[in-house]
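Read off the chains here:
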Amino acid sequence: MSTSFEKYQKRRLKSSYFSVILSIAFVLFLLGLFGLLVLNTKKISDYFKEQSSITIFLNDEVDSQKVKNLQTLLESEGYTKSIVYISKEEAAKIATEENGEDFMEFLGYNPLKNAIDLYLKADFVSPEKMSEIENELAKNSIVNEVSYDKPLIGLLTKNIKRISLWVLIFSSLFVLIAMLLINNSIRLSVYSKRFTIKTMQLVGATKRFIRKPFIWSSIKLGAFGALVALIALAVAMYYLNINFPEFGFLENTKLIAILFGSIFLLGIIISWISAFFATQRFLNLRTDQLYY
């Protein structure tokens, strides 16, 4: 009879430990994903900024050497990420493919102009800086017109600033939520042994002596949970890197190491603090209060 009861108690204990480890792992995994987003916020915003371009339309019948000189000048500028030359013939072909009909058959000529698409570095994608670049380019004698989507650039800049602010706010809230969830998991684990704590206290064990095994056990649970979370996070990062290589999630190994180290330490520290205060609470309760 006693053997069956002991086995039952061991199963309950293992089940309790398993639940705590899974809870910690899940919370830390989500926190790690959010941390990854925070660390890569600038990289992601820079990627979208650098998809915007300034189109430089050239005058008709411009000497090819002058076009090459302009391209060389643009490539040497500090704001240039890349340039793409599009001839009027290429532009007509693209327009025909997009519209599904050849407009030149109707018009009898090609009204489009040779153009250069100028892609800027992310730091220069803002309404003010792009306006300065536009004015500078418009002064060139072979440039007919400089065009870019001004409302879109204004909206993009505004939204990126807003999103960055909200990411910081949510990351702070998420850290707080993670701490509360892990704290509750540890407290439930300690709660199941509240009578053991009180029994040890009644036979003369000191508070430090009673707390020690509970804290050590919680630290181990936190470490195991953190390891499970880090394995899952590594798999998620590998998947993201394969499917979204343009963001380079695995490029900065130093930041990744800091993120992983922070997640692991956070799992241990929160578990230690939670176990300390949970055991302290039950140590301070009267025997009759343990039943509530």
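Cut-offs used in this document
What you see as residue numbers is a count from 1 along each chain, following the sequence as written. Where local features are concerned, this predicted model is filtered to residues with pLDDT of at least 70; where side-chain atom pairs are given and counted, the filter is 80 or more; whole-chain, interface and lining totals use all residues. Water and hydrogen atoms play no part in the side-chain values, which are based on all heavy atoms of the structure. We count a stretch as a helix when DSSP gives it H or I for four or more residues in a row; a strand needs E for two or more, and each element gets its number in order from the N terminus. Only protein chains enter the accessibility calculation, which uses a 1.4 Å probe. A residue is then buried if its area is under 20% of the maximum for its type, exposed if over 50%, and partly exposed in between. Here a residue-residue contact requires only that any non-hydrogen atoms of the pair lie within 4.5 Å. Fitted lines through C-alpha atoms serve as axes, helices being fitted only where they are in contact, and the angles separating the N-to-C directions of these axes extend from 0 to 180 degrees. In these notes the angle categories are as follows: under 35 degrees is roughly parallel, over 145 is roughly antiparallel, 65 to 115 is roughly perpendicular, and the rest is oblique. When the near helix sits turned anticlockwise from the far one by under a right angle, the crossing is termed left-handed; a clockwise turn instead gives a right-handed crossing. Charged residues are taken to be Asp, Glu, Lys and Arg, nonpolar residues to be Ala, Val, Leu, Ile, Met, Phe, Trp, Tyr, Cys and Pro, and polar residues to be all remaining types, Gly included. UniProt positions are given in the numbering used here, feature names are shortened, and annotations may be inferred rather than shown by experiment. Whenever Lys or Arg places a side-chain nitrogen within 4 Å of a carboxyl oxygen from Asp or Glu, that contact is recorded as a salt bridge. Confidence of the prediction at every residue is given by pLDDT, a number between 0 and 100.

**Considering the environment of Tyr79**
Within the fold, Tyr79 resides in the loop between α3 (64–76) and β2 (80–86). Classification of Tyr79 by relative accessible area gives buried; the value is 6%. Considered as a pair, Tyr79 and Asp123 are 44 residues apart in the sequence and their alpha carbons are 8.0 Å apart. Look past the residues within four positions of Tyr79 in its chain and what remains in contact with it is Leu74, Leu118, Tyr119, Leu120, Lys121, Phe124, Ile133, Glu136 and Leu137.

**Observations regarding the packing of helix α8 (residues 194–202) against helix α9 (residues 207–243)**
Two numbers describe how α8 lies on α9: the axes approach to 9 Å, and their chain directions differ by 150°. One finds that α8 runs roughly antiparallel with respect to α9. Classified by chirality, the crossing of α9 by α8 is right-handed. Only Lys207, Phe209, Ile210 and Phe214 of α9 make contact with α8, whose side of the interface consists of Ile197, Met200 and Gln201. Each residue belonging to the contact of α8 with α9 can be placed in one class, and the counts come to five nonpolar, one polar and one charged.

**Topic: the UniProt feature "transmembrane region" (unreviewed entry) in the protein chain**
In the numbering adopted here, UniProt assigns the feature "transmembrane region" (unreviewed entry) to residues 20–39, 163–182, 221–240 and 255–278. Span residues 20–39 is 100% helix and 0% strand, its end C-alpha atoms 28 Å apart. Across residues 221–240, helical content stands at 100% and strand content at 0%; the span's end C-alpha atoms are separated by 28 Å.

**Remarks on the pattern of salt bridges**
The tally for this structure, following the rule as stated, stands at three salt bridges. Across the pair Lys113 and Asp60 runs a salt bridge whose closest N-O atoms are separated by 3.4 Å. You can see Lys113 sitting in the loop between α5 (103–107) and β3 (115–120) and its partner Asp60 sitting in the loop between β1 (53–58) and α3, a full 53 residues away along the chain. By relative accessible area, Lys113 is classed as partly exposed at 24%. Glu134 is paired through a salt bridge with Lys150; the nearest N and O atoms lie 3.5 Å apart. You can see Glu134 sitting in helix α6 (residues 127–138) and its partner Lys150 sitting in helix α7 (residues 150–191), a full 16 residues away along the chain. Using a relative accessible area of 14% as the deciding quantity, one classes Glu134 as buried. We classify Lys150 as partly exposed; its relative accessible area is 46%.

**Points about the confidence of the model for the protein chain**
Summary statistics for the protein chain give a mean pLDDT of 78 and a share of 84% for residues scoring 70 or more. When mean pLDDT is compared element by element in the protein chain, β3 scores highest at 90, while α5 scores lowest at 62.

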